[in-house]
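Close look at the chain arrangement
Read off the chains here:
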Amino acid sequence: MERSALPAGGRILLTGATGQVGGELLETLKPLGEVVAPSRANMDLANTASVRETIRAVRPRWIVNPGAYTAVDKAESEPELAYAVNAEAVRVMGQEARAIGAGVIHFSTDYVFDGSASAPYRETDSTRPVSVYGASKLAGERALAESGAGHMIFRTSWVYGARGKNFLLTILKLARERERLRVVADQYGAPTWSRDLARMTAEVIGQCEADVRGFELATFLFDTGQTYHAAGAGETTWYGFAAEAVRLQREKEPGTRFAAIEAITTLEYPTPAKRPANSRMNGARLMERFGWKMMDWRDSLREVLAEL
Ligand SMILES: NC(=O)c1ccc[n+]([C@@H]2O[C@H](COP(=O)([O-])OP(=O)(O)OC[C@H]3O[C@@H](n4cnc5c(N)ncnc54)[C@H](OP(=O)(O)O)[C@@H]3O)[C@@H](O)[C@H]2O)c1
């Protein structure tokens, strides 16, 4: 499909550039135009005035928002902060974007669902978060929709990569230190490579820029802009992910001793926040509209391990 860079002088305002997805977006968005990525000190997402002022100063054509409060368990005891970052900041992004005709790309989560469905979730399925984090992310989705800004929401799941705080890096570290690791085997989903998500986002912006010619971006996004599920293809459990990662790492390092990985149930591993048992997401809409298929988690896992 045809793609194009931003019109001359167009800027992308990127939040959360120190995070997993933001760090990758910093690279994948560069070929499209100027990327402005303020530090937390310059744009504090917990402070709506700071968000508003930064957007007014930058006057971006696109706001890309992977910045978020992502501490799922901690959110149970810090709901105000979780809502401030995940919902109120997003509301302001929407309001400001609408005022200047900018497009907003926002990231959300499988945790907006309760996990009781028996099939992979579609965008049209009913949401019912079971944690403060999930509820705060859903509030952000709704605030953005209510703002009237042209926008797209990419719901993803189980994000990991070679950098940042994530399950893969934690498991590999612990597997070197311990005799055995007990990992939950009754939550189903798919790991998503941060770089795949960032590449997809750049592709989607490029396609929108190619298609929008002659129209206002905001008007164009009212048709194209909607929610898309963008999680790794295939499915596994946290246990399956850990076991495969350690198996592949053993092949790379035959002389190293790694922990045995044992399957346990969610009940055996209590956490402050409840998590959905089914996090599987159907990516058909993203494929139909933008021709993008997210990588199978096993393929991306090999690529990430090769980078470590
Ligand atoms: N990680 C997952 O498994 C997962 C799963 C589903 C959906 N998602 C969604 O995917 C998106 C990207 O996630 P990620 O894994 O890349 O997250 P991440 O690695 O935790 O990064 C979050 C980013 O947000 C920034 N941030 C947090 N609070 C801030 C504040 N008050 N002011 C300014 N910046 C702030 C962080 O900055 P600091 O470095 O300064 O903390 C960091 O750059 C998020 O919308 C998340 O909800 C993630």
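Structure: above.
Note that the coordinates shown come from a computational prediction; the quantities given were computed from them, not determined experimentally.

Concerning the site of the ligand
- Contacts to the ligand come from 24 residues, most closely from Gly16, Thr18, Gly19, Gln20 and Ala68.
- When contributions to the shell around the ligand are tallied by element, the ones reaching two or more residues are α1 (20-28) and β4 (103-109).
- Of the residues belonging to the shell around the ligand, the class tally is 10 nonpolar, 11 polar and 3 charged.

What about the environment of methionine 281?
- Take methionine 281: it is sitting in the loop between β12 (260-264) and α9 (284-290).
- Judged by the 29 C-beta atoms lying within 10 Å of it, methionine 281 is buried.
- Along the sequence, methionine 281 and alanine 231 sit 50 residues apart, while their C-alpha atoms lie 6.4 Å from each other.
- When near neighbours in sequence (up to four residues on either side) are disregarded, methionine 281 contacts Asp110, Pro120, Tyr121, Arg155, Ser157, His229 and Ala231.

Some points on unusual backbone geometry
- One non-glycine residue, arginine 59, lies in positive phi territory at about 45°.
- Turning to its location among the elements, arginine 59 is positioned in the loop between α2 (48-58) and β3 (62-65).
- Positive phi, normally seen in glycine, also occurs at tryptophan 158, with a value near 45°.
- Relative to the assigned elements, tryptophan 158 resides in the loop between β5 (150-156) and β6 (159-160).

A closer look at the sheet that holds β4
- Pairing in this open sheet of 6 strands is parallel, and the strands run β2-β1-β3-β4-β5-β10 from one edge to the other. A single partner strand is all that each edge strand has here, and the edge strands are β2 (34-36) and β10 (227-229). Strand after strand, the sheet turns through a mean of 20° between neighbouring axes, direction not considered.
- Where β3 meets β4, 4 bridges bridge the pair, whose relative direction is parallel.

Regarding helix α6 (residues 194-212)
- For α6, built from 19 residues, the straight-helix expectation of 27 Å at 1.5 Å per residue is met to within 8% by its first-to-last C-alpha distance of 27 Å.
- Where α6 terminates, the next one or two residues include glycine 214, which has phi positive at roughly 90°.

Thoughts on the environment of glycine 148
- Tracing the backbone through its elements, the reader meets glycine 148 in the loop between α4 (132-147) and β5.
- Note: C-alpha distance between glycine 148 and serine 77 (71 residues apart in sequence) is 31 Å.

Thoughts on the nonpolar core
- One finds Leu14, Ile63, Met93 and Ala242 to be the most contacted residues of the largest nonpolar core, which totals 88 residues.
- Top contributing element to this core by residue count: helix α3 (residues 79-100), with 9 residues.

What about the packing of helix α5 (residues 167-177) against helix α8 (residues 238-252)?
- One way to put it is that α5 packs onto α8 with a least axis distance of 10 Å and a crossing angle of 60°. Comparing their axes, α8 and α5 come out oblique. The way α5 lies across α8 gives a crossing that is right-handed. Two secondary-structure elements touch here, α5 through Phe167, Leu168, Ile171, Leu172 and Ala175 and α8 through Trp238, Phe241, Ala242, Ala245, Val246 and Gln249.
- Its residues assigned to classes, the contact of α5 with α8 comprises 10 nonpolar, 1 polar and no charged.

Structural notes on the packing of α1 against α6
- With their axes 8 Å apart at the nearest point, α1 and α6 run at an angle of 45° to one another. In terms of axis orientation, α1 runs oblique to α6. As α1 packs across α6, the resulting crossing turns out to be right-handed. Contact residues: Gln20, Val21, Glu24, Leu25 and Thr28 in α1; Ser194, Arg195, Leu197, Ala198, Arg199, Thr201 and Ala202 in α6.
- Looking at the contact of α1 with α6, its residues break down into 5 nonpolar, 4 polar and 3 charged.

Structural notes on the pairing of β4
- With 7 of its 7 residues buried, β4 lies for the most part within the structure.
- Residues Gly103, Ile105, Phe107 and Thr109 point to one face of β4 and Val104, His106 and Ser108 to the other, with burial holding for every one of them.
- Between β3 and its parallel partner β4, the chain crosses via α3, and the hand of that crossover is right-handed.
- Sheet topology places β4 next to β5; 7 bridges connect them, and they run parallel. Directly across from isoleucine 105, in β5, lies its bridge partner methionine 152.
- What joins β4 to β5 is α4, and the crossover it makes is right-handed.

Calculation notes
Residues numbered from 1 in each chain as written. Predicted model: local features only at pLDDT ≥ 70, side-chain atom pairs only at ≥ 80, totals over all residues. Near = placed C-beta within 6 Å. Helix = DSSP H or I, 4+ residues; strand = E, 2+ residues; numbered from the N terminus. Nonpolar A, V, L, I, M, F, W, Y, C, P; charged D, E, K, R; others polar. Buried ≥ 20, exposed ≤ 12 C-beta atoms within 10 Å, placed from the backbone. Contact = placed C-beta atoms within 7 Å. Pairing = 2+ DSSP bridges. Axes fitted to C-alpha atoms, helices over the stretch in contact; angles between N-to-C directions. Expected span 1.5 Å × (residues − 1). Core = buried A, V, L, I, M, F, W, Y, C linked by C-beta atoms within 7 Å. Parallel < 35°, antiparallel > 145°, perpendicular 65-115°, else oblique. Left-handed = near helix turned anticlockwise from the far one by under 90°. Right-handed = clockwise from strand over helix to strand, strands pointing away.

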